[in-house]
Amino acid sequence: MRTFVKFIALAAIVLAFPAHAADSVKIGFNVPLTGFAAADGNSARNGVELAIEQANADGGINGKQIELVVYDDQASPKEAVPIATKLVESDGVAIGISGSYSGATRAAAGVFQEAGVPYISAFAVHPEITKAGDFVFRTSFVGEVQGRAGAMLIGKSLGKKKVVVITLKNDFGKSLAAGFKEAASQFGIEIAAEYEYSIKDRQFGPIVSKVKADAPDAIYASGYFFTAGPLVSQLRAAGVDVPIIGQEGYDSQKFIEIAGAASEGVIITTSLDRDSKVSETKDFIAQFEKRAGFKVDMVAASGHTAAWVAITALRKADSTDKAAIRDAVAATKLQAATGLIAFNKLGEVKKDVQVQVVKDGNWHHHSVISDAKLLAPPAE
Amino acid sequence: MLYLDLTLQGLVQGAIYVLIALGLTLVYGLLRILHIAHAALFTLGGYLGVITFNATGSLLASFAIAMPVVGLAGMGVYELVYKPILSKPPFVALIASIGLFICAEELFRIVFGPYGISYASQPLAGVVPLGNGLTLRTAELAAIAGAVLSIVLLWLLSTRTRLGLAWRATVTDPEMAESFGVSIAQVRHLNFFVGSALAAAGGVMVGLLNNLVEPGMGAVPSYKAMAIIVLGGLGSIPGTLVACFSLGVIESFGSIYLGALLDRDAIAFAFLIVVLMLRPQGLIAVRQ
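Each value, and the rule that gives it
Residues numbered from 1 in each chain as written. Chains lettered and ligands numbered in written order. Predicted model: local features only at pLDDT ≥ 70, side-chain atom pairs only at ≥ 80, totals over all residues. Heavy atoms only, no water. Helix = DSSP H or I, 4+ residues; strand = E, 2+ residues; numbered from the N terminus. Rg over C-alpha atoms; globule rule 2.2 N^0.38 Å. Buried < 20%, exposed > 50% of the residue type's maximum accessible area, 1.4 Å probe, protein only. Contact = heavy atoms within 4.5 Å. Areas by Shrake-Rupley, 256 points an atom, 1.4 Å probe, with all protein chains shown as cover. pLDDT = per-residue confidence, 0-100.

Student: How do you make sense of the overall build of chain B when you look at a structure like this?
Tutor: On a plain count of helices and strands, chain B comes out with 11 helices and 2 strands. Taking 2.2 N^0.38 as the reference for a compact globule, 288 residues should give roughly 19 Å; the C-alpha atoms of chain B span a radius of gyration of 19 Å, in line with that estimate. In terms of overall dimensions, chain B has a C-alpha envelope of 60 × 50 × 35 Å along the principal axes. Taking all 288 residues of chain B together, 52% fall into the buried category. The contacts of chain B with a sequence gap of at least 6 include a subset with a gap of at least 24, amounting to 76%. Carbon together with sulfur atoms contributes 73% to the accessible area of chain B, which is approximately 12,200 Å² in total.

Student: Could you clarify how one ought to interpret the overall build of chain A in this entry?
Tutor: A tally of regular secondary structure across chain A gives 12 helices and 14 strands. In terms of C-alpha radius of gyration, chain A reaches 21 Å, essentially the compact-globule figure of 21 Å for 380 residues. Overall, the C-alpha framework of chain A stretches about 70 × 50 × 40 Å when taken along its three principal axes. Looking at the 380 residues of chain A, the share that counts as buried comes to 61%. Restricting the contact set of chain A to residue pairs at least 6 apart, pairs at least 24 apart contribute 69%.

Student: Sorry if this is basic, but what is going on with unusual backbone geometry here?
Tutor: Leaving glycine out, the prevailing phi sign among residues is negative, and the prevailing peptide bond configuration is trans. Residue and element names in this part refer to chain A. Phi at Asn 62 takes a positive value of approximately 45 degrees, unusual for a residue other than glycine. Looking at the element boundaries, Asn 62 is found in the loop between helix H2 (38-57) and strand E2 (65-72). Given the relative accessible area of 45%, Asn 62 is considered partly exposed. Positioned with a positive phi, Ala 215 is a non-glycine residue whose angle comes to about 45 degrees. Topologically, Ala 215 is positioned in the loop between helix H7 (205-214) and strand E8 (218-221).

Student: Which parts of the structure should I look at to understand the confidence of the model for chain B?
Tutor: In the predicted model, chain B carries a mean pLDDT of 91, and 99% of its residues have values of at least 70. At the level of chain-chain contacts, confidence expressed as ipTM amounts to 0.90, with global pTM at 0.89.

If you want it as structure tokens, here you go:
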């Protein structure tokens, strides 16, 4: 019994403490730090933490230091809901950031919207996320937009017409494929065949054999670095030498490590330009690699961007009123690591798509797609 | 031509299944434990393989270190986890095993990092032409060779040595075997050592084939290998072999021709259900 009383007393003290720490501004952050998505989670966390450190060194939010409240959501919707509730209710964050995948982000978005706390998704692709309401924003592309950019890249820039589509069977891969197929005919692309694989697959022997028999002009394959690495290396080993076009899921030095020489010449659509001349991007890359000790990736840049959007809005609003903060986010016009960020009325980002290519074992600039009509995100 | 290619790819997948499922079927045959944590030993093998190779540049060293170390780790799992609860109902060991597997997965993530490790310079990366435009990667050929070698060695061990005789006697009737002076403890240790060493070889092979060893690489084997040993007739080695290769080939064709409807795992489990409906005892039943 006595231990129990002690426990209650201790709990009361612990709970009482945050009330005194009112001279800081809290930013909530749900991110997968364990489970299958932990690698991306670690990059995103490094990106967000860097942004917070930079902002705190530069006066925080108008004199108040920023406190980042981090929870591990394991990229799982059922973890994300209690975490989001905790962030808005007991932690009382001024704004939330998701460094997680679509399932978890979508689940958390509803909670933030309900509580009237602004929430920014750093790199989740599902179109439903921003439809949770007017407090939810996204600083990365919805899958469809990037899929359409992929179609333009293959059909127009590369001039390849007979394409095999290899799709990762989850919301990321499916929405990319949907965007790609929607825009394909516009660029004269004929889809010779489509194959799907599961996120657990690393051995693609059967698909590779079939693609070899299909003899396409180019391959549009969705995936993350840990599926795309083995896929690309197996396609090349089987003698399939046509262009392979991927997306931001490939965007990691790990992809090049896994696929080795086979990664040379692989082209992707993404948010980060490694050879950027823009100082915000150049500084971010240099600082990130110094802090994290590994090469930058799209997820890290997206986390950093989302955090800067949040910080900038908090500074501008200079208020604890969540509606004022929301309005400041909505009015964002910010040069960030992943480009010039502005939102449409649904809270979707309007920015250019960066095209990168693997050259001599590193990601490099290939081109930029800036066709505003093609890249228009959903507005309602 | 395509069919031949798909069959070949199915056999490669089957060979990987052999390396994982053999150890599992050995454990089940002897102790009637569904040893989920076997998949964690497989992952450990993958890590030891890639770390050893990146340090020494020798693939032989990878196997020479991964197999015995993981073999000993397997014996440790038996001593520390299974032995104290052998008298409990089988589900107790199963739950302990699942718990151990989940712990191990997160431990790999903490110790080796979440990104996974790749071979610094990928060994066996070449391609072997088999005529008619058919090719296999050297690593794929090595996986098949490794599976065949394991089968042969296991067969020799169990039929040509005294230890093997004691082993088979214990599987058939542990009490009778003990009364003839067989050391049950020794047989169980051997069993876990051999099974776990095979899993380690499987882990090194899969790490090579994917050029990626990641904390979650045991996730698929943890349940797929279960399906395989059920399919093979729980505890039957020939049954397990038939199950491995037939599942590999069925998945290979299925992922192309049924891929839009079912993914690879769904195909595997649909096959399992069909087989169990027709032959509830599995493909090759164990004589009781």
